[in-house]
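Listed below, chain by chain, are the residues.
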Amino acid sequence: MSKTHRIGILGCGGIATSHATNLSKHPQAELVAFCDVDPKRTAHFNKEFAGDRAAEFSDHLVMFDKAKLDIVWICLPPFAHDG
């Protein structure tokens, strides 16, 4: 039996929608955490792609520490890649 991977998405904007749509349909992917500076975005992604079962974060370091992720999908805009 194949392992289910616990996935978090960092950045819940435009491009993340495409990734979350595809990941939410994959049998080995479980979207368990969303992180964005805008809590309305994380709430929307949680409802839309995880049935309100995922954790929501505004700080990626807290998400990395608390969510026990196997994979992080980084969906930040280009200007946010530094830092």
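For the structure itself, look to the data block above.
Residues numbered from 1 in each chain as written. Predicted model: local features only at pLDDT ≥ 70, side-chain atom pairs only at ≥ 80, totals over all residues. Heavy atoms only, no water.

Asker: Looking at this structure, how should I read the sheet that holds strand 2 (residues 29-35)?
Answerer: Consider a sheet: its strands pair through backbone hydrogen bonds, and that pairing is either parallel or antiparallel. Read from one edge to the other, the open sheet built from 4 strands follows the order 3-2-1-4, with strand pairing classed as parallel. Only two strands of the sheet have a single partner each, and these edge strands are strand 3 (55-57) and strand 4 (71-74). Neighbour-to-neighbour, the strand axes of the sheet open up by a mean angle of 30°, direction not taken into account. Examined bridge by bridge, strand 2 and strand 3 share 3 bridges and lie parallel to one another. Paired with A33 across the two strands is A55, which belongs to strand 3. Contacts between helix 2 (residues 39-50) and the sheet are confined to strand 2 and strand 3, with strand 2 contributing the most and set at about 165° to the helix. (Pairing = 2+ DSSP bridges. Helix = DSSP H or I, 4+ residues; strand = E, 2+ residues; numbered from the N terminus. Axes fitted to C-alpha atoms, helices over the stretch in contact; angles between N-to-C directions. Contact = heavy atoms within 4.5 Å.)

Asker: Got a minute to help me understand the environment of F34 in this structure?
Answerer: Within the secondary structure, F34 sits in strand 2. The exposure class assigned to F34 is buried, which follows from its relative accessible area of 0%. In contact with F34, other than residues within four places in its own chain, are I9, C12, T42, F45, N46, F49, A50, A54, A55, E56, F57 and M63. (Buried < 20%, exposed > 50% of the residue type's maximum accessible area, 1.4 Å probe, protein only.)

Asker: Any chance you could explain the pairing of strand 2 here in plain terms?
Answerer: Along a regular strand, successive side chains alternate from one face of the sheet to the other. Of all 7 residues in strand 2, 6 are buried, a share of seventy percent or more. Pairing between strand 1 (residues 5-10) and strand 2: 6 bridges, direction parallel. Considered in strand 2, the bridge of L10 is made with C35. Crossover strand 1 to strand 2 through helix 1 (residues 14-25) is right-handed. Remark: the strand 2/helix 2/strand 3 crossover connection has right-handed handedness. (Right-handed = clockwise from strand over helix to strand, strands pointing away.)

Asker: Is there a simple way to explain the packing of aromatic side chains in this structure?
Answerer: Where two aromatic rings form a pair, the distance of their centres and the angle of their planes describe that pair. All told, the structure shown has 2 aromatic pairs when counted by the stated rule. Taken together, a centroid distance of 5.8 Å and an interplanar angle of 65° make the contact between F34 and F45 edge-to-face. Here F45 lies in helix 2 and F34 lies in strand 2, a separation of 11 residues in the sequence. Neither F34 nor F45 differs from the other in exposure class; each is buried. An aromatic cluster of at least three residues, connected via ring pairs, comprises F34, F45 and F49. (Phe/Tyr/Trp six-rings, centres within 6.5 Å; stacked < 30°, edge-to-face > 60°.)

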